[in-house]
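Now for the letters of each chain:
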Amino acid sequence: DVKSGALGERYAAWRRDRIDALVTAVARDVKAVRPSAKLSAAVWGYYPGCANSIAQDWGAWLKRDDLDFICPMNYTADPGQFQRWLSTQTALPGAAGRLMPGLGVTALESRLSPAQTIEQILILRRAGAAGFVLFDLNRTLERETLPYLRMGLTAP
């Protein structure tokens, strides 16, 4: 009943509320112990769908200032899909200057070449994202992608 029946909506709201309460409590406690700490979360990129599917209403977390920045895992090799996700994400209240999308360089969902990684970085910069994170640090990323990024796109 809670997965697909009459109680589905109530269960989804209850589950989302539990995760929201946890995020708020962690944010409060971290800032109480170390006010200068920066708190972030790697979250599913397909917002707002993930608010019900996996109880991550991270748009609300940004709006409430529970997090200093957010890293939506935008793991796709399709530049059009990447752009669509970014358009939704950057339009969220509180997202300005706090969005650092994750690129799935070696994720199961995507395997990006250096050229595809560069293309996604250019897309997110044009969209106004504050930065990016690369998933995940391994020999492939280290040897195949990072040398190209150091050639110019992320050069000092």
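For the structure itself, look to the data block above.
Residues numbered from 1 in each chain as written. Predicted model: local features only at pLDDT ≥ 70, side-chain atom pairs only at ≥ 80, totals over all residues. Heavy atoms only, no water.

What should I look at first to understand the packing of helix H4 (residues 79–90) against helix H5 (residues 114–126) in this one?
If you want to describe how two helices pack, look at the angle between their axes and the distance between the axes. Taken N-terminus to C-terminus, the directions of H4 and H5 make an angle of 25°; their axes are 10 Å apart at the nearest point. Here H4 lies roughly parallel to H5, going by the angle between them. At the point where H4 passes H5, the crossing takes the right-handed sense. Residues Pro79, Phe82, Gln83 and Leu86 of H4 lie in contact with H5, whose contacting residues are Glu119, Gln120, Ile123 and Leu124. A breakdown of the residues in the contact of H4 with H5 according to their chemical character gives 5 nonpolar, 2 polar and 1 charged. (Axes fitted to C-alpha atoms, helices over the stretch in contact; angles between N-to-C directions. Helix = DSSP H or I, 4+ residues; strand = E, 2+ residues; numbered from the N terminus. Parallel < 35°, antiparallel > 145°, perpendicular 65-115°, else oblique. Left-handed = near helix turned anticlockwise from the far one by under 90°. Contact = heavy atoms within 4.5 Å. Nonpolar A, V, L, I, M, F, W, Y, C, P; charged D, E, K, R; others polar.)

Is there a simple way to think about the state of the cysteines in this case?
A disulfide bridge is the covalent bond that connects two cysteines by way of their sulfur atoms. The tally for this structure, following the rule as stated, stands at 0 disulfides. With no disulfide partner, Cys71 has as its closest neighbouring cysteine sulfur the one in Cys50, 14 Å distant. (Disulfide = S-S within 2.5 Å.)

Would you mind showing me how to read the packing of aromatic side chains here?
Here the distance between the centres and the angle between the planes together describe a pair of aromatic rings. Inspection of every chain in the model, using the stated rule, returns 4 aromatic pairs. Centroid distance Tyr47 to Trp58: 4.8 Å. Interplanar angle 50°. Geometry classified as tilted. Here Tyr47 is found in the loop between strand S1 (40–44) and helix H2 (49–53), whereas its partner Trp58 is found in helix H3 (residues 58–63), with 11 residues between them in sequence. When its relative accessible area of 15% is taken as the criterion, Tyr47 is described as buried. (Phe/Tyr/Trp six-rings, centres within 6.5 Å; stacked < 30°, edge-to-face > 60°. Buried < 20%, exposed > 50% of the residue type's maximum accessible area, 1.4 Å probe, protein only.)

Any link to function would need more than the numbers given here.
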